[in-house]
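Architecture and fold: a report
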Amino acid sequence: MKKANILALLLAVMMLTLAFAGCNTGTDETSSAASSSQAAASSASDESKTSVTVPEKIKNAGKIVVATSADFPPYEFKDDNGNYVGIDIEIMQAIADLWNVELEVSDMKFDAVITAVATGKADVGAAGLTITEERLESVNFTDTYTQATQVIIVKEDSDIQTIDDLAGKKVGVQLGTTGDIYASDDDAIKDGVECFNSGIDAVLALVQGKIDAVLIDNEPAKAFVKQNEGLKIIDEKYTDEAYAFATAKEDKDLVNALNEALAVLDSNGKLDEIVNKYIKAD
Ligand code: GLN
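Let me sum up the structure you'll find in this document. Predicted, not measured: the structure shown is a model, and the values here were computed from it. (Residues numbered from 1 in each chain as written. Predicted model: local features only at pLDDT ≥ 70, side-chain atom pairs only at ≥ 80, totals over all residues. Heavy atoms only, no water.)

**Some points on the pattern of salt bridges**
Side-chain pairs of opposite charge can arise whenever the charged atoms involved come near each other. For the record, the criterion: The working definition used for a salt bridge is a side-chain nitrogen of Lys or Arg within 4 Å of a carboxyl oxygen of Asp or Glu. Each helix is a run of H or I in the DSSP string that is no shorter than four residues. Each strand is a run of E no shorter than two, and both are numbered from the N terminus. Working definition: with a 1.4 Å probe on protein chains only, accessible area under 20% of the residue-type maximum means buried, over 50% means exposed, and in between means partly exposed.
Inspection of the entire model under this criterion finds nine salt bridges. Between Lys169 and Asp159 there is a salt bridge; the shortest N-O distance is 3.4 Å. With Lys169 in the loop between strand E8 (146-155) and strand E9 (171-174) and Asp159 in the loop between E8 and E9, this residue pair connects regions lying 10 residues apart in the sequence. In this structure, the salt-bridge partner of Lys190 is Asp187, at a minimum N-O distance of 2.9 Å. Under the relative-accessibility criterion, Lys190 is labelled partly exposed at 39%. What makes Asp187 exposed here is its relative accessible area of 60%. The network of salt bridges with common partners includes Lys57, Asp123 and Asp251.

**A closer look at the nonpolar core**
Definition in use: In this description, a nonpolar core means a group of buried Ala, Val, Leu, Ile, Met, Phe, Trp, Tyr and Cys residues linked to one another through side-chain atoms lying within 4.5 Å.
Counting residues in hydrophobic clusters, the biggest one holds 39 residues, and the most contacted among them are Ile64, Ile91, Met92, Ile95 and Trp99. Counting residues per element, the ones that place at least two in this core are strand E2 (63-68), strand E4 (84-85), helix H3 (87-99), strand E5 (102-107), helix H9 (252-267) and helix H10 (270-278). The element best represented in this core is H3, accounting for nine residues. Core analysis: the second largest hydrophobic core is formed by 17 residues, Val113, Ala127, Val139 and Ala246 among them.

**Some remarks on the pairing of E9**
Operational definition: Strands are treated as partners if at least two bridges between them are detected by DSSP. The definition of a right-handed crossover adopted here requires that, viewed with the strands pointing away, the path from the first strand over the helix to the second runs clockwise.
Here E9 shows a buried face lined by Val171 and Val173 and a second buried face lined by Gly172 and Gln174. Pairing analysis gives four bridges linking E9 to strand E10 (residues 193-196), with the strands arranged parallel. Looking at E10, one finds that Gln174 is bridged to Phe196. For the crossover that starts at E9, traverses helix H6 (residues 178-185) and ends in the parallel E10, the hand is right-handed. Pairing geometry for E9 and strand E11 (residues 213-217), over two bridges, is parallel. Among the inter-strand pairings, Gly172 is bridged to a residue of E11, identified as Val214.

**Notes on the site of the ligand**
Applied cut-off: Residues are labelled near a given molecule or strand when at least one of their non-hydrogen atoms is within 4 Å of it. The definition of a polar contact used here is a pair of N or O atoms within 3.5 Å, where within protein one atom must be able to donate a hydrogen and the other to accept one, and adjacent residues in sequence count solely through side-chain atom pairs. Under the convention used here, a 1.4 Å probe and the Shrake-Rupley method define accessible areas, while residue burial counts only the protein chains that appear. Ten residue types, Ala, Val, Leu, Ile, Met, Phe, Trp, Tyr, Cys and Pro, are classed as nonpolar, four, Asp, Glu, Lys and Arg, as charged, and the remainder, Gly among them, as polar.
Lining the immediate surroundings of the ligand are 13 residues, of which Gly128, Thr130, Arg135, Thr178 and Asp217 lie closest. Here a nitrogen atom of the ligand sits 2.8 Å away from a polar atom, N or O, in the side chain of Thr130. Protein burial of the ligand: of its 300 Å² of free accessible surface, 100% is covered by the chains. When its residues are assigned to classes, the shell around the ligand shows five nonpolar, five polar and three charged.

**A word on the packing of aromatic side chains**
For clarity, the cut-off: The pairing test for Phe, Tyr and Trp rings, Trp by its six-membered ring, is centres within 6.5 Å, and the orientation test on the planes gives stacked under 30 degrees, edge-to-face over 60, and tilted for anything in between.
Within the structure shown, the criterion is met by five aromatic pairs. Ring centres of Phe77 and Tyr278 lie 6.2 Å apart, and the angle between their planes is 90°; on these two criteria the pair is classed as edge-to-face. A residue pair is termed long-range when its members are at least 10 positions apart, and Phe77 in strand E3 (residues 77-78) and Tyr278 in helix H10 qualify at 201 residues. Of the residues examined, Phe77 reaches a relative accessible area of 24% and is grouped as partly exposed. Between the aromatic rings of Tyr145 and Tyr243, the centroid separation amounts to 6.3 Å while the plane-to-plane angle is 55°, which identifies the pairing as tilted. Of the two residues, Tyr145 sits in the loop between strand E7 (139-141) and E8 while Tyr243 sits in strand E13 (residues 239-243), which places them 98 residues apart along the sequence. Tyr243 shares its class with Tyr145; the two are buried.

Here it is in structure tokens:
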């Protein structure tokens, strides 16, 4: 690697460290990253006959390494057999099938995903990642594959009915997420923000009455409310967001090829099929 490249990489890592404006990220960010491989259980599907550009690096490796945080249903979670499943995982599997390579899922804490991608430990970040200006400084994002919102979960009998009611309350968020970043930046609620390693940890704290509300993405919110009695989502949403997959900044071939693959999956109905499998119309 040329000296200039090493300098650029160092700079990128420094910027990333500075970019975490929300809760304290702690020190064990990388040590908890565990890797697990999922065999590409692909039969010769129709898609695999479509000719698409496979990035040279991925073709040579024979696999695509995807960084995720499998605690975010219905986008990524583990099924009862311990397999990685969910919308993001299945979209990535469909892309791996198109490219005729294996999918390797690398599971880690959410706040390690962007760093894993920016430093080349993983090819793609697929973790219900919201596109933000700050993240765009350290990674590229593909085209958006879904829209989302941040919502507020409270107990059914809570006096919190609107965003304004959050003032002075204890609001749980997941470390490093947009919920964390926005809440920590919101003068009305930042003093009451409490960080958790996962969304479900925040929800359990709410169930136990340790906090008053949880700020989190809408679909995981629905999943967690379903799994835990006595909770509801308030009507007013906090933000609108768009999800995309993240790749290393310098790897333009990869982001272009992912966009091409996403367009194929969009036009052949596969994207809709995957989303509809996990998200039932209300
Ligand atoms: N969409 C949120 C973000 O990008 C949360 C994602 C997650 O918790 N997996 O920060």
